[in-house]
Amino acid sequence: LAKTTQPISMDSYEGQEVNITCSHNNIATNDYITWYQQFPSQGPRFIIQGYKTKVTNEVASLFIPADRKSSTLSLPRVSLSDTAVYYCLVGDLHYGNNRLAFGKGNQVVVIP
Amino acid sequence: DVKVTQSSRYLVKRTGEKVFLECVQDMDHENMFWYRQDPGLGLRLIYFSYDVKMKEKGDIPEGYSVSREKKERFSLILESASTNQTSMYLCATSLGGEQYFGPGTRLTVT
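Overview of the structure. Here the structure is a predicted model, which means the values were calculated and not measured.

Take the interface of chain A and chain B next. Taken residue by residue, the interface counts 21 residues in chain A and 25 residues in chain B. In this assembly, chain A packs against chain B so that about 1700 Å² is buried in total across both faces, 56% of it on carbon and sulfur atoms. Linking chain A with chain B are four residue pairs in polar contact (both at pLDDT 80 or more), by the criterion used here. Those elements giving two or more residues to the side of chain A that touches chain B turn out to be β3 (32–38), β4 (45–50), β8 (84–91) and β9 (100–102) of chain A. Per element, the largest residue contribution to the side of chain A that touches chain B is three residues, and it comes from β3 of chain A. Taken together, the residues of the side of chain A that touches chain B sort by class into nine nonpolar, 11 polar and one charged.

Right, here's the structure in full:
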């Protein structure tokens with residue numbers, strides 16, 4: 001089972017780019033890396049998923065080095081509404097197995 | 001939009017009671033999950049189901065059981081609630097690589 005490690009918290013000023021890292025040293029060949037965002041009193045919400053290299057969508061980018069033992073979620077030009085807890089998840093959901101490992105979450109606080 | 005609903009947002013039960021947490025999804029997804037979320041520990045998988053009547057243990061199944069009699073419904077059962085089961089419980093479904101979460105049930109066992 002992959003174990004994931006994330007920093008506990010970080011602060012950032014509005015308008016800056018925020019980079020959040022996750023370590024997953026024993027990631028398996030079939031595992032994907034997925035990031036979720038969670039606001040208070042809500043369930044986590046999908047942000048982005050990748051397997052290797054770089055993935056970009058309308059809200060974030062995900063950078064995965066060749067060895068896949070870590071990943072970085074990049075949020076461009078954050079606003080106050082991006083204050084949330086960000087979780088990385090390593091595992092293989094495509095084949096419906098239960099090898100899933102969430103990180104403990106990174107509390108991001110955006111400061112005006 | 002995928003909708004995942006959980007039967008209660010807040011629940012207070014006494015030690016020793018049998019507790020049922022219900023989760024219903026409206027998108028015909030095969031996979032359903034139950035997690036618990038505790039401060040400083042993140043989300044931990046309790047049980048997982050990939051089809052009706054099928055279940056797999058997650059990381060922390062002790063003290064819990066599950067039931068999936070219909071595809072859209074996945075129930076988490078605490079046979080005899082204990083105070084260390086006070087937590088936020090989150091249900092999720094998945095299609096492909098993305099999970100869809102319900103709003104959570106905050107359970108307090110006194």
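Residues and elements named next belong to chain B. Within the open sheet, the four strands sit side by side as β1-β3-β8-β7. Their pairing is antiparallel. At either end of the open sheet lies a strand with only one pairing partner, and these are β1 (4–6) and β7 (64–70). For this sheet, the mean inter-axis angle between neighbouring strands, taken without regard to orientation, is 20°. By the bridge criterion, three bridges tie β1 to strand β3 (residues 19–25) in an arrangement that is antiparallel. Note that in β3 the partner of Q6 across the bridge is C23.

Further remarks concern unusual backbone geometry. All names here are of chain A. The phi torsion at R68 lies on the positive side, around 60°, for a residue other than glycine. By the secondary structure assignment, R68 is in the loop between β6 (61–64) and β7 (70–75). Relative accessible area serves as the criterion here: at 8%, R68 is assigned to the buried category. The backbone of R77 shows a phi angle near 50°, a positive value even though the residue is not glycine. On the basis of relative accessibility, which here comes to 64%, the residue R77 falls in the exposed class.

Attention shifts here to the environment of N84 of chain B. Looking at the element boundaries, N84 of chain B is found in the loop between β8 (73–78) and β9 (87–95). Between the C-alpha atoms of N84 of chain B and E17 of chain B, which are 67 residues apart in sequence, the distance is 13 Å.

Looking now at the sheet that holds β6 of chain A. All names here are of chain A. Read across the open sheet, the four strands follow the order β2-β7-β6-β5; overall the sheet is antiparallel. Unpaired on one side and paired on the other, β2 (18–23) and β5 (53–56) mark the two borders of the sheet. Strand-to-strand twist of the sheet, defined as the mean angle between neighbouring strand axes without regard to direction, takes the value 15°. Taken together, the four bridges between β5 and β6 define a ladder with antiparallel strand orientation. Opposite T56, over in β6, you have S61 as the bridge partner.

Residues and elements named next belong to chain B. What the rule picks out here adds up to seven salt bridges over all chains. Of the charged contacts, one joins E30 and K71 as a salt bridge, the two residues approaching to 3.0 Å between their closest N and O atoms. Separated by 41 residues along the polypeptide, E30 in the loop between β3 and β4 (31–38) and K71 in the loop between β7 and β8 bring together distant segments of the chain. Relative accessible area serves as the criterion here: at 37%, E30 is assigned to the partly exposed category. What you see here is one network of salt bridges that share partners, running through D28, E30 and K71.

Scanning all chains against the criterion turns up 12 aromatic pairs over all chains. Summarising the aromatic geometry, the rings of F102 of chain A and Y35 of chain B are spaced 5.3 Å apart at their centres and angled 85° between planes, so their arrangement reads as edge-to-face. Highlighted residues: F102 of chain A in strand β9 and Y35 of chain B in strand β4, drawn from two different chains. Owing to a relative accessible area of 9%, F102 of chain A belongs among the buried residues under this scheme. For Y35 of chain B, a relative accessible area of 1% translates into the label buried. Judged by centre distance (6.3 Å) and plane angle (65°), the ring pair of F102 of chain A and F101 of chain B falls under edge-to-face. Here F102 of chain A, found in strand β9, pairs with F101 of chain B, found in strand β10 (residues 98–101), and the two come from separate chains.

Calculation rules
- For every chain, the first residue of the written sequence is number 1, and numbering continues from 1 along that sequence.
- In the order they appear in the text, chains get letters beginning with A and ligands get numbers beginning with 1.
- Under the rules for a predicted model, residues below a pLDDT of 70 receive no local features and side-chain atom pairs below 80 are neither given nor counted, while totals for whole chains, interfaces and linings still include all residues.
- Heavy atoms from the whole structure form the basis of all side-chain values; hydrogens and water molecules are not counted.
- Residues count as neighbours in contact if any of their non-hydrogen atoms are within 4.5 Å of one another.
- Once two parts are put together, the accessible area they lose, assessed with a 1.4 Å probe and summed over both, is termed the buried area.
- Two N or O atoms count as a polar contact when they lie within 3.5 Å, although within protein this holds only if one can serve as hydrogen donor and the other as acceptor, and sequence-adjacent residues are included solely when both atoms are side-chain atoms.
- Helix and strand definitions follow DSSP, with helices as H or I runs of at least four residues and strands as E runs of at least two, each counted in order from the N terminus.
- Any residue outside Ala, Val, Leu, Ile, Met, Phe, Trp, Tyr, Cys, Pro, Asp, Glu, Lys and Arg is labelled polar, Gly included; the first ten of those are nonpolar and the last four are charged.
- Strand pairing is assigned whenever DSSP detects at least two bridges linking the two strands.
- Helix axes are fitted only over the stretch in contact, all axes being lines through C-alpha atoms; the angle between N-to-C directions runs from 0 to 180 degrees.
- Any residue under 20% of the maximum accessible area for its type is buried, any over 50% is exposed, and the rest in between are partly exposed; the area is computed with a 1.4 Å probe on protein chains only.
- Between Lys or Arg on one side and Asp or Glu on the other, a salt bridge is scored when a side-chain nitrogen of the former is within 4 Å of a carboxyl oxygen of the latter.
- Stacked, tilted and edge-to-face are the three classes assigned to paired rings of Phe, Tyr and Trp, where Trp is represented by its six-membered ring and a pair needs centres within 6.5 Å; plane angles under 30 degrees give stacked, over 60 edge-to-face, the rest tilted.

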